[in-house]
Amino acid sequence: MSDVAERVKKIVVEHLGVDAEKVNPEASFIDDLGADSLDTVELVMAFEEEFGIEIPDDAAETIQTVGDAVKFIEKSAA
Amino acid sequence: MFDLTGKTALVTGATGGIGAAIARSLHKQGATVAISGTRAEVLETLKAELGERVHVLPCNLGNAEEVEKLVPAAEAAMGSLDILVNNAGITRDGLAMRMKDDDWAQVLDVNLTASFRLSRAAMRGMMKRRYGRIIGITSVVGVTGNAGQANYAASKAGMIGMTKALAQELASRNVTVNCIAPGFIATPMTDALNDKQKEAIIAKVPAGRLGTSDDVAAAALYLASAEAAYVTGQTLHVNGGMAMI
């Protein structure tokens, strides 16, 4: 697993209080990990802070799964 | 009841009568308080009076950059921020026909926009910690209107609407957002009135007297307490019965 994926996983586990095994790339924040709309905003802000990037609102809407987040961050940080 | 030991609070406009009374009351119940205002020496005097657990954070709420730094400064000084009291407010009274854009904008900036910015900054930590109290000091005129105060009334009514929206956003995280709407409170502002003017005001108040800063502070203490956990999005009117809304 890439460094970005590890860090994303850590944030998701900490924030949503879910088991690390459940946090796989296909896992949907809302459908599989029990996040509500506020959680998703908080996660986006946590990613911004962790990776020093900005995630605009329209991009944030496309981030539905753990894999989406990792992909977006890897692209932004590159 | 209403024990705030270990809690941290930021009170804006703590140089004024109501703000100082709120800071005193939260502090007396055990909270660590950060007091803010534009006049540093008045804040220092209040700090000297209160003693331990007080941080002085001067800030001009008309300046967006200073506003953005206030909550982070309070969190840095106290380790967290559990209670935000948006108390600071200004007036630039005048009949609407003669009101300048600048008088409108300044009042909206300080009374409403700064309250929003401070709330936005504070809610992040509150959401993370799953606990918070945001209290806005609005005014009876935000609900009833008042000739000569189109700007002030608009800012105070705006605060009530904002409070309801924030309350809905944050309720699931145990963060409550409420307003207190004082009526006529005895402060340096009302001291300037002559006896006849005061009599005319008191005639409209069923309680038969002006309110005191402590009357408002008691309401703030209640809303700041853990006991008020199920009260959110509300406006608590503290006005001796002058308007029953």
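Residues numbered from 1 in each chain as written. Chains lettered and ligands numbered in written order. Predicted model: local features only at pLDDT ≥ 70, side-chain atom pairs only at ≥ 80, totals over all residues. Heavy atoms only, no water.

The name given to chain B in an unreviewed UniProt entry is 3-oxoacyl-[acyl-carrier-protein] reductase, with Taklimakanibacter albus as the source organism.

Looking at an unreviewed UniProt entry, one finds chain A named Acyl carrier protein, with Taklimakanibacter albus as its source organism.

**Student:** In this structure, what is going on with the overall build of chain B? I would like to understand it.
**Tutor:** A count of helices and strands for chain B gives nine helices and seven strands. Over its C-alpha atoms chain B spans a radius of gyration of 17 Å, differing by no more than 12% from the 18 Å that the globule rule assigns to 245 residues. Here the C-alpha coordinates of chain B stretch approximately 50 × 40 × 40 Å along the principal axes. Classification of the 245 residues of chain B by burial places 49% in the buried group. Long-range contacts, defined as pairs at least 24 residues apart, comprise 69% of the intrachain contacts of chain B with a sequence gap of at least 6. Put simply, chain B shows about 11,300 Å² of open surface, and 54% of that area lies on carbon and sulfur atoms. Positive and negative side-chain charges of chain B, numbering 24 and 22 respectively, have mean locations separated by a distance of 5 Å. (Helix = DSSP H or I, 4+ residues; strand = E, 2+ residues; numbered from the N terminus. Rg over C-alpha atoms; globule rule 2.2 N^0.38 Å. Buried < 20%, exposed > 50% of the residue type's maximum accessible area, 1.4 Å probe, protein only. Contact = heavy atoms within 4.5 Å. Areas by Shrake-Rupley, 256 points an atom, 1.4 Å probe, with all protein chains shown as cover. Lys, Arg positive; Asp, Glu negative; His and termini not counted. Charge placed at Lys NZ, Arg CZ, Asp CG, Glu CD.)

**Student:** How should I be thinking about the sheet that holds strand 7 (residues 235-238) of chain B in this particular structure?
**Tutor:** One key point about sheets: their strands pair by backbone hydrogen bonds, in either a parallel or an antiparallel sense. All names here are of chain B. Here we have seven strands laid out as an open sheet, ordered 3-2-1-4-5-6-7, and parallel in their pairing. Two strands bound the open sheet, and with one partner strand each, they are strand 3 (54-56) and strand 7. Adjacent strand axes in the sheet meet at a mean angle of 15° when their direction is disregarded. Across four bridges, the pairing between strand 4 (residues 83-86) and strand 5 (residues 132-137) is parallel. For valine 85, the partnering residue across the bridge sits in strand 5 and is isoleucine 135. This element, helix 9 (residues 213-224), spans strand 4, strand 5, strand 6 (175-182) and strand 7 of the sheet and lies at about 170° to strand 6. (Pairing = 2+ DSSP bridges. Axes fitted to C-alpha atoms, helices over the stretch in contact; angles between N-to-C directions.)

**Student:** What exactly am I supposed to notice about helix 9 of chain B here?
**Tutor:** An α-helix turns once every 3.6 residues. As a result, residues three or four positions apart point the same way. All names here are of chain B. End to end, helix 9 covers 16 Å across 12 residues, agreeing with the expected 16 Å (1.5 Å per residue, within 8%). When we look at burial in helix 9, the residues that qualify are Ser213, Val216, Ala217, Ala219, Ala220, Leu221, Leu223 and Ala224. For helix 9, the elements touching its buried residues are helix 1 (17-28), strand 4, strand 5, strand 6 and strand 7. (Expected span 1.5 Å × (residues − 1).)

**Student:** So what exactly am I meant to see when it comes to the pattern of salt bridges here?
**Tutor:** Two side chains with opposite charge may pair up if their charged atoms get near one another. Counted according to the given criterion, the structure contains 12 salt bridges over all chains. Between A:Asp39 and B:Arg173 there is a salt bridge whose closest N-O contact spans 2.8 Å. Of this pair, A:Asp39 sits in helix 2 (residues 37-51) while B:Arg173 sits in the loop between helix 6 (150-170) and strand 6, which puts the two residues in different chains. Across this residue pair, the class does not change: A:Asp39 and B:Arg173 are buried. (Salt bridge = Lys/Arg side-chain N within 4 Å of Asp/Glu carboxyl O.)

**Student:** Would you mind going over unusual backbone geometry with me for this structure?
**Tutor:** Most peptide bonds adopt trans geometry, and most residues besides glycine take a negative phi value. Residue and element names in this part refer to chain B. The phi angle at arginine 130 is positive, at roughly 60°, despite the residue not being glycine. On the secondary structure map, arginine 130 appears in the loop between helix 4 (101-129) and strand 5. Not every positive phi belongs to a glycine, and asparagine 174 is a case in point at roughly 60°. Mapped onto the fold, asparagine 174 is located in the loop between helix 6 and strand 6.

**Student:** What's the story with the interface of chain A and chain B in this structure? I'm lost.
**Tutor:** At the junction of the two partners, chain A supplies seven residues and chain B supplies seven residues. Interface area for chain A against chain B, summed over the two sides, is near 630 Å², with a carbon-plus-sulfur share of 43%. The three residues of chain A that bury the most area against chain B are A:Leu38, A:Glu42 and A:Met45, which together make up 66% of that side's buried surface. For the pair chain A and chain B, the interface holds four salt bridges. Joining chain A to chain B, the criterion identifies five residue pairs in polar contact (both at pLDDT 80 or more). Among the residues making up the side of chain A that touches chain B, the classes are represented as three nonpolar, no polar and four charged. (Buried area = accessible area lost by both parts, 1.4 Å probe. Polar contact = N/O pair within 3.5 Å; in protein donor to acceptor, adjacent residues only side chain to side chain. Nonpolar A, V, L, I, M, F, W, Y, C, P; charged D, E, K, R; others polar.)

**Student:** Before we go on, may I ask you to explain the pairing of strand 6 of chain B in this structure?
**Tutor:** Each regular strand carries side chains that alternate between the two faces of the sheet. All names here are of chain B. With eight of eight residues buried, strand 6 lies mostly within the body of the structure. Alternating positions in strand 6 separate into two faces, Val175, Val177, Cys179 and Ala181 on one and Thr176, Asn178, Ile180 and Pro182 on the other, with burial throughout. Taken together, the six bridges between strand 5 and strand 6 define a ladder with parallel strand orientation. In the sheet register, isoleucine 134 faces strand 6, and the bridge partner there is valine 177. Summarising the sheet, strand 6 and strand 7 pair through four bridges and their orientation is parallel. Across the sheet, cysteine 179 pairs through a bridge with threonine 235, a residue of strand 7.

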